[in-house]
Amino acid sequence: MSYEVGIVGGGMAGLAAANLLASQGHSVVVFEKGHYPAHKVCGEYLSNESLPFLGKLGLDIESLGGQHIGRFAITHPSGKKLETPLPLGGYGISRYALDDAMANAALAKGAIVLQGVRAQSILHRPMTDDFEIQTDCGPFQFKSVVAAYGKRSKLDKPRGFATSTPDRKNNFVGIKYHLRSDIPDDLIELHLFEQGYAGISRVENGRTCFCYLTTAQMLQKAGSISQLEHRYLARNPYLAHHLSHSEHLYSHPLSISQVSFGDKGTVWQHSLMAGDSAGMITPLTGNGMSMALHGAQLAAYHLDRYLRGLTDRTRMETHHARDWRAAFGLRVQTARRLQGLLLNTHLSSLAISILRPLPGVARRLIRLTHGKPF
Ligand SMILES: Cc1cc2nc3c(=O)[nH]c(=O)nc-3n(C[C@H](O)[C@H](O)[C@H](O)COP(=O)(O)OP(=O)(O)OC[C@H]3O[C@@H](n4cnc5c(N)ncnc54)[C@H](O)[C@@H]3O)c2cc1C
């Protein structure tokens, strides 16, 4: 069988692109190696900039139980704290609920979503200018491909960033679980600890998402997740409080490794990359999901023009790369620098002291790591 668009990865980016392209009348197949609903490593704070776009896809975050969040606090192991209203605000919503709703919305628009099917390779065939995606269920043929397989995949093996030696930009681990805790409903907290930070905020059904990022080196030094929390996270008094006064709702934390914030590239062997596979913003911004949705919108726009014969493949690829850089380049760079600063215990302490009497500057920094509603 031959289709117009093959999408590898049914997360935020893949499902948004599928939804748009299917509603434009294109035949679309999404390959998702997992199943819906499922928990994912993510801080689950969705910036309000995505709300108009999600509306176009047929999703209403409030009806999914999303928890409105309008305030932000950052704390330091020394006990320093800075609190400010969020310029745009957002919603706490679990990936368990959100990805499932996105998959149903894409299905309703006519996309085929194959769950439990892993793409093993994506091959562009120059003679016919089409693609073959090899999967667990055999090969599929497509006119075009969106690669939206997230933070890290075996498919990344030949890409430059995946072969570079581990360093400060490309060797992080993420850990997440849900809690029942006493955090206020409308507040998102970012707690710093040595070589890492933890986000905590409410999602639907009275649950709290607890998610942190640290270096692989720190986890190795601690020896285990529980030791990491006990020996390092708990040195921040706010984190110590949450860790000892909350009920854990997962039997085991979820974790991911080899998280890279290095440059990745927005087109790879003629596939348009979208979401984390195109480039990751550091999670302290809470902007990755919005970037994935917005990046999918850009990819779908260019693909639709290509499939309708309004542009050729070379222009489509160049324009996708250009638009991605224009939309996200500055915020990704700013967020990377901000993360570098916050991971340094002395500099982050100084930054909190300087910014505390200057809430306008803090809000400006937050704005720089976000986009406008789209
Ligand atoms: C610690 C941490 C905290 C974060 N917190 C936030 C936050 O609070 N707010 C926010 O907006 N962003 C946050 N992010 C970022 C956010 O999670 C991502 O930017 C977002 O999920 C990107 O969406 P995506 O579609 O690119 O990838 P994903 O949502 O990861 O989807 C990729 C999908 O591809 C599938 N897949 C992979 N390989 C294959 C294959 N070979 N075949 C088939 N399927 C495949 C996977 O199963 C997955 O479902 C955080 C990230 C981290 C690491």
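Structural notes, computed from the coordinates. (Residues numbered from 1 in each chain as written. Predicted model: local features only at pLDDT ≥ 70, side-chain atom pairs only at ≥ 80, totals over all residues. Heavy atoms only, no water.)

## Looking at helix H9 (residues 313-342)
Here H9 contains 30 residues, and its C-alpha end-to-end distance of 41 Å stays within 8% of the 44 Å for a straight helix at 1.5 Å per residue. A maximum bend of about 50° is found in H9 at phenylalanine 328. (Helix = DSSP H or I, 4+ residues; strand = E, 2+ residues; numbered from the N terminus. Expected span 1.5 Å × (residues − 1). Bend = angle between axes of the 7 residues up to and from the residue.)

## A closer look at the pairing of strand S11 (residues 187-193)
Most of S11 is tucked away, with seven of its seven residues classed as buried. Covered by surrounding structure in S11 are Leu187, Glu189, His191 and Phe193 together with Ile188, Leu190 and Leu192, the residues of both alternating faces. In this structure, strand S4 (residues 67-75) lies alongside S11, joined through five bridges in parallel fashion. Among the inter-strand pairings, isoleucine 74 is bridged to a residue of S11, identified as leucine 190. In the sheet, S11 pairs with strand S12 (residues 196-202) via five bridges, with the strands oriented antiparallel. Bridging across to S12, glutamate 189 finds its partner in isoleucine 200. In this structure, the hairpin formed by S11 and S12 is closed by a connection of two residues, where glutamine 195 is found at a positive phi of approximately 60°. (Buried < 20%, exposed > 50% of the residue type's maximum accessible area, 1.4 Å probe, protein only. Pairing = 2+ DSSP bridges.)

## Re the pairing of strand S7 (residues 119-125)
Sheet analysis places S7 next to strand S8 (residues 130-135), joined by six bridges and oriented antiparallel. When the bridges of S8 are listed, histidine 124 appears paired with phenylalanine 131. A loop of four residues connects S7 with S8, the two strands running antiparallel in sequence, and aspartate 129 in this loop sits at a positive phi of about 50°.

## Focus: the environment of alanine 240
Of note, alanine 240 is situated in helix H7 (residues 237-245). On the accessibility criterion, alanine 240 (25% relative accessible area) is partly exposed. Along the sequence, alanine 240 and lysine 109 sit 131 residues apart, while their C-alpha atoms lie 46 Å from each other.

## Some points on the packing of helix H8 (residues 288-307) against H9
Running from N to C, H8 and H9 cross one another at 160°; their axes reach a closest spacing of 9 Å. Judged on the interaxial angle alone, H9 and H8 are roughly antiparallel. Relative to H9, H8 is oriented so that their crossing is right-handed. Here Met291, His294, Gly295, Leu298, Ala299, His302, Leu303 and Tyr306 of H8 come into contact with H9, specifically with Arg313, Met316, His319, His320, Asp323, Trp324, Ala327, Phe328, Arg331 and Val332. (Axes fitted to C-alpha atoms, helices over the stretch in contact; angles between N-to-C directions. Parallel < 35°, antiparallel > 145°, perpendicular 65-115°, else oblique. Left-handed = near helix turned anticlockwise from the far one by under 90°. Contact = heavy atoms within 4.5 Å.)

## Looking at the site of the ligand
Among the 34 residues in the neighbourhood of the ligand, the closest are listed as Glu32, Gly43, Tyr45, Arg95 and Asp276. One of the backbone N or O atoms of lysine 33 is found 3.1 Å from a nitrogen atom in the ligand. Glycine 43 is positioned with one of its backbone polar atoms (N or O) 2.7 Å from a nitrogen atom of the ligand. For the ligand, the accessible surface in isolation is 1000 Å², of which the surrounding protein chains cover 94%. Elements that contribute at least two residues to the shell around the ligand include exactly helix H1 (12-23), strand S2 (28-32) and H8. A total of three residues in the shell around the ligand trace back to one element, the largest contributor, which is H8. Split by residue class, the shell around the ligand holds 16 nonpolar, 10 polar and eight charged. (Near = heavy atom within 4 Å. Polar contact = N/O pair within 3.5 Å; in protein donor to acceptor, adjacent residues only side chain to side chain. Areas by Shrake-Rupley, 256 points an atom, 1.4 Å probe, with all protein chains shown as cover. Nonpolar A, V, L, I, M, F, W, Y, C, P; charged D, E, K, R; others polar.)

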